[in-house]
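Overview (structure and organization)
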Amino acid sequence: MMKPHLLILLLLACAARAQTPEELYEAYSTPETRAVLERFEEAERRSQEAEAAAKARRTLALGGAILIGLIPLGYIGREIIRKKSWRDNPGGTVRALGVGLAGGAVLFGLNYGIFLLKMRMGDAFNTSLAFLLVGILIAGSLYLLNHHV
């Protein structure tokens, strides 16, 4: 059996030798493990940067689609104010705003879908085709507004 004094000395010696987790990490880490950890941290940083860039692109696509979707409503609103149609035909004015809002929502949805498709497919989806489709949608909505309102 150990004497209590020897036990206390042994405990004090172990406590004096206790190392911090950082010291233990440095003692047991090899250059290979450090290289793996550095590659992991670099990959994680690149992943976060790519996610931030994708979020910025989605926000830009959303903003552009909203602006394009507001074209019909803006055009109808301008005509209502210019012609002062709310005085003579308040019901027709409300219906026209409803049609403009519905048309803008459809235009927004189609444009946002095209923009997201381009972002997700990248080079596999032709950029000129995306701009052509968006232009056709805008031109079609302007044609309908000018000839049927």
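Data block above holds the structure.
Residues numbered from 1 in each chain as written. Predicted model: local features only at pLDDT ≥ 70, side-chain atom pairs only at ≥ 80, totals over all residues. Heavy atoms only, no water.

1. Re the pattern of salt bridges
As a working rule, side chains carrying opposite charge can pair if their charged atoms are close by. Rule in force here: Only one rule defines a salt bridge in this text: a Lys or Arg side-chain nitrogen within 4 Å of an Asp or Glu carboxyl oxygen.
For the coordinates displayed, the defined rule picks out seven salt bridges. Here the residues in one salt-bridge network are Glu42, Arg45, Arg46 and Glu49, joined through shared partners.

2. Considering the side chain of lysine 118
We apply this condition: Note on conventions: DSSP H or I runs of at least 4 residues are helices, E runs of at least 2 residues are strands, and numbering of each starts at the N terminus. The contact criterion used throughout is that any non-hydrogen atoms of two residues lie within 4.5 Å.
Mapped onto the elements, lysine 118 comes out in helix α5 (residues 90-121). Sequence-distant contacts of lysine 118, defined by excluding residues within four places in its chain, comprise Asp123, Phe125 and Thr127.

3. What about a nonpolar patch on the surface?
Convention followed: Put simply, a patch holds well-exposed residues, over 30% relative accessible area, that have no salt bridge, with like charges counted together within 9 Å and Val, Leu, Ile, Met, Phe, Trp or Tyr side chains within 5 Å. Note on areas: these come from Shrake-Rupley sampling with a 1.4 Å probe, and a residue is covered only by the protein chains present in the view.
On the surface, Leu62, Ile66, Leu67 and Leu70 cluster together into a nonpolar patch covering about 360 Å² of accessible area. With respect to the element layout, leucine 70 can be found in helix α3 (residues 31-83).

4. Some remarks on unusual backbone geometry
Phi at lysine 84 takes a positive value of approximately 55 degrees, unusual for a residue other than glycine. You can see lysine 84 is positioned in the loop between α3 and α4 (85-88).

5. Notes on the environment of tyrosine 75
Counting through the fold element by element, tyrosine 75 comes out in helix α3. As for tyrosine 75 and leucine 142, which are separated by 67 residues in sequence, their C-alpha atoms are 8.6 Å apart. Setting aside residues up to four positions removed in sequence, tyrosine 75 forms contacts with Leu145 and Asn146.

6. Focus on the packing of α3 against α5
In plain terms, the rule: Axis angles are defined between N-to-C directions and span 0 to 180 degrees, where every axis is a line fitted to C-alpha atoms and, for a helix, only to the segment in contact. For classification, angles of less than 35 degrees are called roughly parallel, those exceeding 145 degrees roughly antiparallel, those between 65 and 115 degrees roughly perpendicular, and all remaining angles oblique. Two helices crossing with the near one rotated counterclockwise from the far one by less than a right angle form a left-handed crossing, whereas a clockwise rotation gives a right-handed crossing. Here the term charged refers only to Asp, Glu, Lys and Arg, the term nonpolar to Ala, Val, Leu, Ile, Met, Phe, Trp, Tyr, Cys and Pro, and the term polar to all other amino acids, Gly among them.
As a packed pair, α3 and α5 sit with axes 8 Å apart at the nearest point and diverge in direction by 160 degrees. Considering the angle they form, α3 stands roughly antiparallel to α5. Remark: the crossing between α3 and α5 carries right-handed chirality. Across the contact of α3 with α5, the residue classes break down as 18 nonpolar, seven polar and two charged.

7. Describing α3
For the record, the criterion: Take the number of residues in a helix, subtract one, and multiply by 1.5 Å to get its expected span. Each residue gets one of three labels from its accessible area relative to the maximum for its type: buried under 20%, exposed over 50%, partly exposed in between, using a 1.4 Å probe on protein chains only.
With 53 residues, α3 extends 78 Å from end C-alpha to end C-alpha; this agrees with the ideal 78 Å at 1.5 Å per step. Taken together, the buried positions of α3 are occupied by Ala54, Ala61, Ala65, Ile68, Gly69, Pro72, Tyr75, Ile76, Gly77, Glu79 and Ile80. Directly beyond the C-terminal end of α3, a positive phi value near 55 degrees is found at lysine 84.

8. Quick look at the side chain of asparagine 111
The line we're drawing: The definition of a polar contact used here is a pair of N or O atoms within 3.5 Å, where within protein one atom must be able to donate a hydrogen and the other to accept one, and adjacent residues in sequence count solely through side-chain atom pairs.
With respect to the element layout, asparagine 111 can be found in helix α5. Overall, asparagine 111 belongs to the buried group, its relative accessible area being 0%. Separated by 2.9 Å, the side chain of asparagine 111 and the backbone oxygen of leucine 107 make a polar contact. In contact with asparagine 111, not counting residues within four places along its chain, are Ala65, Ile68, Val134 and Leu137.

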